[in-house]
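Here's the letter readout for the chains.
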Amino acid sequence: MTDPPPPTPGQAGASGVTAPTGGEDERARAADPVIARFVPAMQLALGEARKAFDKDEIPVGAVILDASGEVIGTGRNDRERSADPTGHAEIVAIRTAATTLGTWRLSGCTLVVTLEPCTMCAGASVQARLDRVVYGAVDPKAGAVGSLWDVVRDRRLNHRPEVIAEVMADECAALLIEFFTHRRVR
Ligand SMILES: [Zn+2]
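A quick note: this is a predicted structure, and the numbers were derived from the prediction, not measured. (Residues numbered from 1 in each chain as written. Predicted model: local features only at pLDDT ≥ 70, side-chain atom pairs only at ≥ 80, totals over all residues.)

Turning to the overall build of the protein chain, a few remarks are in order. When helices and strands are counted, the protein chain shows 7 helices and 5 strands. Going from N to C terminus, the protein chain has its helices and strands arranged as α-α-α-β-β-α-α-β-α-β-β-α. For the protein chain, the proportion of its 186 residues judged to be buried stands at 41%. The long-range share in the protein chain, meaning contacts at least 24 apart out of those at least 6 apart in sequence, stands at 61%. (Helix = DSSP H or I, 4+ residues; strand = E, 2+ residues; numbered from the N terminus. Buried ≥ 20, exposed ≤ 12 C-beta atoms within 10 Å, placed from the backbone. Contact = placed C-beta atoms within 7 Å.)

In structure tokens form, the structure reads like this:
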């Protein structure tokens with residue numbers, strides 16, 4: 001077994017994002033009806049991520065869908081601008097959705113986010129009683145929805161959201177990789 005590569009500075013939360021693979025796997029996933037159902041929402045989340053990119057924030061975006069599939073909250077990472085360590089896309093989107101519904105309880109709702117949630121955001125998804133967490137790129141160095149931890153499907157918890165992973169994973173990862181490449185050359 002080889003040692004893992006050293007972490008790159010300044011890439012908190014997304015340093016280990018899986019590089020795009022493309023090819024057969026990606027095409028097979030795109031044809032999966034469960035995945036295809038969330039592609040439009042992931043495109044909206046990617047739009048939020050691009051807005052974060054333009055503001056020099058790590059490009060992660062999120063949307064919350066209600067039970068009928070309507071968007072009731074959007075968010076993008078704004079940790080630098082807000083100087084808020086909890087300013088992750090998922091937290092921003094969950095807060096917006098809770099304000100929209102007038103309740104903290106987001107039962108029946110789905111979080112769609114471009115990067116696998118961290119421990120904080122996975123925990124917030126459980127606290128919000130979300131029905132489902134859908135994510136794009138895998139984050140093997142900080143992910144808490146199947147990679148390093150699996151906070152949302154821990155059998156010791158009595159609320160466990162369904163997980164749908166790697167929706168438009170290549171596009172989501174490509175944006176993060178472009179951001180960090182761009183940042184390194186400046
Ligand atoms: Zn997070």
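The backbone phi angle of Arg129 is positive, close to 60°, even though this residue is not glycine. Positioned with a positive phi, Glu166 is a non-glycine residue whose angle comes to about 60°. Turning to its location among the elements, Glu166 is positioned in the loop between strand E5 (162–164) and helix H7 (169–185). For Glu166, a count of 21 C-beta atoms within 10 Å puts it in the buried group.

Counting buried positions along strand E1 (residues 61–65) yields 5 of 5 residues, so the element is predominantly enclosed. Burial of E1 is two-sided: the residues Gly61, Val63 and Leu65 facing one way and the residues Ala62 and Ile64 facing the other way are all buried. The sheet contact formed by E1 and strand E2 (residues 71–76) spans 5 bridges and is antiparallel. For Val63, the partnering residue across the bridge sits in E2 and is Thr74. Here E1 hands over to E2 after 5 residues, with Gly69 in that stretch at a positive phi of 95°. As paired elements, E1 and strand E3 (residues 110–115) share 4 bridges and run antiparallel to each other. Bridging across to E3, Ala62 finds its partner in Val113. (Pairing = 2+ DSSP bridges.)

The next thing to look at is the environment of Ala98. Tracing the sequence through the fold places Ala98 in helix H5 (residues 89–101). Beyond its immediate chain neighbours, meaning those up to four positions away, Ala98 contacts Thr103, Trp104 and Leu106.

In terms of nonpolar packing, the biggest core is built from 51 residues, with Ala45, Ile64, Ala93, Leu111, Val112 and Val113 touching the most fellow members. Listing elements by their share of this core, those giving two or more residues are helix H3 (39–54), E1, H5, E3, helix H6 (119–127), strand E4 (132–137) and H7. Per element, the largest residue contribution to this core is 7 residues, and it comes from H3. When residues no more than four places from it in sequence are discounted, the contact partners of Val113 are Ala45, Val60, Ala62, Ala89, Glu90 and Tyr135. (Core = buried A, V, L, I, M, F, W, Y, C linked by C-beta atoms within 7 Å.)

Successive side chains on a regular strand alternate, one facing one side of the sheet and the next facing the other. With 5 of 6 residues buried, E4 lies mostly within the body of the structure. Note on the crossover from E3 through H6 to E4: the handedness is right-handed. Sheet topology places E4 next to E5; 3 bridges connect them, and they run parallel. Considered in E5, the bridge of Val133 is made with Val163. (Right-handed = clockwise from strand over helix to strand, strands pointing away.)

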